[in-house]
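# Results of the structural survey
Letter by letter, the chains look like this.
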Amino acid sequence: MRLKLTYPPSEVQRPVLAEAVLKLGVLINILEATVNVNKGELIVSVEAEKGKLDKVIRFFQDNGVTVDKLTRILEIDSDKCMHCGACISPCPVGAFKLNSDLTLDFDEEKCIGCKICVTACPTRAIRLVT
């Protein structure tokens, strides 16, 4: 599950993410981060079962971090998409592929939200949702 973590100024200097990993024994991968003295915003991927994920979310919230579940990262406009495949080769995680019928397939679970496909798309059919 991908989560957007927003740290208030009072919590930016605390290692809340590291504490969550150590105390809850869950792996958390940072996909994107913007941190300064005023606030921190992280997009993370948490590999955990529902019960454990709920504990992770509660841990962050109890430590002053706002948590938003990200269920979608990209939106592909099917009216604009030509299924040209321009997004396939620049994608660093292989989230796109062409099916045997030459239609584009997108695997949301693989996507890390790097935005490379958005730039590569000649018809601007792909947009970042997060």
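Summary of the structure given here. (Residues numbered from 1 in each chain as written. Predicted model: local features only at pLDDT ≥ 70, side-chain atom pairs only at ≥ 80, totals over all residues. Heavy atoms only, no water.)

The next thing to look at is unusual backbone geometry. Generally, phi is negative for residues other than glycine and the peptide bonds are trans, each holding for most cases. For Lys115, which is not glycine, the phi dihedral falls at a positive 75°. For Lys115, the position within the fold is in the loop between strand S7 (104-106) and helix H3 (116-120). For Arg124, which is not glycine, the phi dihedral falls at a positive 55°. When you line up the elements, Arg124 lands in the loop between H3 and strand S8 (126-128). Judged by relative accessible area, Arg124 falls into the partly exposed class, the value being 49%. (Helix = DSSP H or I, 4+ residues; strand = E, 2+ residues; numbered from the N terminus. Buried < 20%, exposed > 50% of the residue type's maximum accessible area, 1.4 Å probe, protein only.)

Another point: the packing of aromatic side chains. Summed over the entire model, instances satisfying the criterion amount to two aromatic pairs. Measuring from centroid to centroid gives 6.2 Å for Phe59 and Phe60, while their planes differ by 75°, and the two rings are edge-to-face. A residue is classified by how much of its surface remains accessible, and Phe60, at 0% relative accessible area, is buried. When the ring of Phe96 is compared with that of Phe106, the centres are 4.9 Å apart and the planes differ by 35°; the resulting orientation is tilted. Of this pair, Phe96 sits in strand S6 (residues 96-98) while Phe106 sits in strand S7, and the two are 10 residues apart along the sequence. Of the two residues examined, Phe96 and Phe106, each falls in the buried class. (Phe/Tyr/Trp six-rings, centres within 6.5 Å; stacked < 30°, edge-to-face > 60°.)

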